[in-house]
Amino acid sequence: MDFNVKKLASGAGLFFTRAVQYTEEKLGQAEKTELDAHLENLMSRADCTKNWTEKIYRQTEVLLQPNPSARIEEFLYEKFDMKAPSRVTNAELLGLYMEGAAQEFGAATPYGSTLLKVGECEKRLGAVEKEFIQTSAISLLTPLRNFLEGDWRTISKERRLLENLRLDLDACKARLKKAKLAEAKTAAEQDLRLAQTEFDRQAEVTRLLLEGISSTHINHLRCLHEFVEAQAAYYKHCHLHMQELQRDLGRLPDAFALNSLHSVVTPGSAAEDIGSPLEAEPLKIEEVQAPATGTRKAKVLYDYDAADSSELSLLADELITVYTVPGMDSDWLVGERGNQKGKVPVTYLELLS
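Calculation notes
- Within each chain, residues carry numbers counting from 1 in the order of the written sequence.
- At least 70 in pLDDT is required for a residue's local features to be given in this predicted model, at least 80 for side-chain atom pairs to be given and counted, and no such filter applies to totals for whole chains, interfaces and linings, which use all residues.
- In computing side-chain properties, one takes all heavy atoms of the structure into account and sets aside hydrogens as well as water.
- Salt bridges, as used here, are contacts in which a Lys or Arg side-chain nitrogen is within 4 Å of a carboxyl oxygen on Asp or Glu.
- Numbering of helices and strands runs from the N terminus; a helix is a DSSP stretch of H or I covering at least four residues, while a strand is a stretch of E covering at least two.
- The span one expects for a helix is its residue count, reduced by one, times 1.5 Å.
- Here a residue-residue contact requires only that any non-hydrogen atoms of the pair lie within 4.5 Å.
- Each aromatic pair joins two rings of Phe, Tyr and Trp (for Trp, the six-membered one) with centres within 6.5 Å, and gets the label stacked for planes under 30 degrees apart, edge-to-face for over 60, and tilted for any other angle.
- Exposure classes here rest on a 1.4 Å probe applied to the protein chains alone. A residue is buried below 20% of its type maximum, exposed above 50%, and partly exposed in between.
- Geometrically, a lysine NZ or arginine CZ counts as sitting over a ring once it is within 6 Å of the ring centre and also within 35 degrees of the ring normal.

Undergrad: Even after reading the chapter, I still don't get the pattern of salt bridges, so can you show me in this structure?
TA: For side chains of opposite charge, pairing can occur when their charged atoms come near one another. Under the defined criterion, the tally for this structure stands at 13 salt bridges. Beyond isolated ion pairs, a larger network of salt bridges with shared partners links Glu163, Arg166 and Asp170.

Undergrad: Can you help me understand helix α6 (residues 182-211) in this one?
TA: Along an α-helix, a turn takes 3.6 residues, which lines up residues three or four apart on a common side. Here α6 contains 30 residues, and its C-alpha end-to-end distance of 43 Å stays within 8% of the 44 Å for a straight helix at 1.5 Å per residue. Packed against the buried residues of α6 are α2 (37-64), α5 (110-178) and α7 (213-251).

Undergrad: Help me out: how do you make sense of the environment of arginine 160 in this one?
TA: Position of arginine 160 among the secondary structure elements: in helix α5. With 46 residues separating them along the chain, arginine 160 and threonine 206 place their C-alpha atoms 9.9 Å apart.

Undergrad: Can you help me understand the packing of aromatic side chains in this one?
TA: How two aromatic rings sit relative to each other is set out by the distance from centre to centre and by the angle between their planes. One pass over the structure, following the stated rule, counts eight aromatic pairs. Aromatic side chains phenylalanine 147 and tryptophan 152 sit 6.4 Å apart centroid to centroid with 50 degrees between the ring planes, which places their arrangement in the tilted category. Ring geometry for tyrosine 302 against tyrosine 348: centres 5.8 Å apart, planes inclined by 90 degrees, an arrangement best described as edge-to-face. Within this pair, whereas tyrosine 302 is found in the loop between β1 (296-300) and β2 (319-323), its partner tyrosine 348 is found in the loop between β4 (340-345) and β5 (349-351), the two being separated by 46 residues in sequence. Look at tyrosine 302 and you get partly exposed, because its relative accessible area is 24%. Pairwise contacts between aromatic rings join Phe132, Phe227, Tyr234 and Tyr235 into one cluster. Taking the ring centre of tryptophan 52 as reference, the NZ or CZ of lysine 55 above it sits at 4.5 Å. The ring of tryptophan 332 carries the charged tip of lysine 343 above its face, separated from the ring centre by 5.2 Å.

Put into structure tokens, the structure is as follows:
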């Protein structure tokens, strides 16, 4: 009990001494030992790393989960070491609603069949989004959080200890200046040497930890590359799913053309004589000739499987010749590779010249 009281009293006295030293420094009544420039630069760099890492971490969280209530729920599950339930993405939910509507309106109707196709695509987009969120959480969020909750806390603790030892050192310097008697000077000098040794040792420990920030940057750089790869894969898959959906919708009966035909064409009318748009001959790719001017080279960005004989299959990174044909949809070009020819989607190409 006596030991605890003495320890408590000693700790209180040390805290008071540091408080007095700190106050006098702020008032300009006491000298302050300045850290060397290298250590100061390391501290500034570490503070900058911590601040920007925190901002990037928070905004990445918002990007992956815009709903603040959902983020709080996930945070609580994590803190209580519980597995969060699988959450349905907004795209998946939209897909489910569309499929339900299709069943109500009739899956065989133009609207119902289109709802089914779009709903299936939205569910696939939601699944891709869910995979992207999981991958990004592992590749980027977790390393950033580990730094903030692990390395940075250790650095902060050692820096606080260094500051306390610096206050002790300066308090010893002040006592030595005020000592008048030889015995008091001797005791003050001994305390100063001990304080200086402890301060120097802690400064070295802190310096080593702060120099580890360079390794942190390298680690976060690798994580950033992984995040970019995951994001690129996510958008690529979304793009491919949307391209597939557009092709599927293009094969469905054109309800707009049918409605227009029914409302305009009547037996014996001029429109009946000239024929309807549905009866127009389709573009025959094999009969299309490359123009004398206007052809361009294009680099293929992604693999593409032709949906029918009028289209040209593509391989990523290959070069082909492309040109436009009057009357063709602006989303398509005619592509040629040697003796092969067919329609190719513009979004799969990078036009070079």
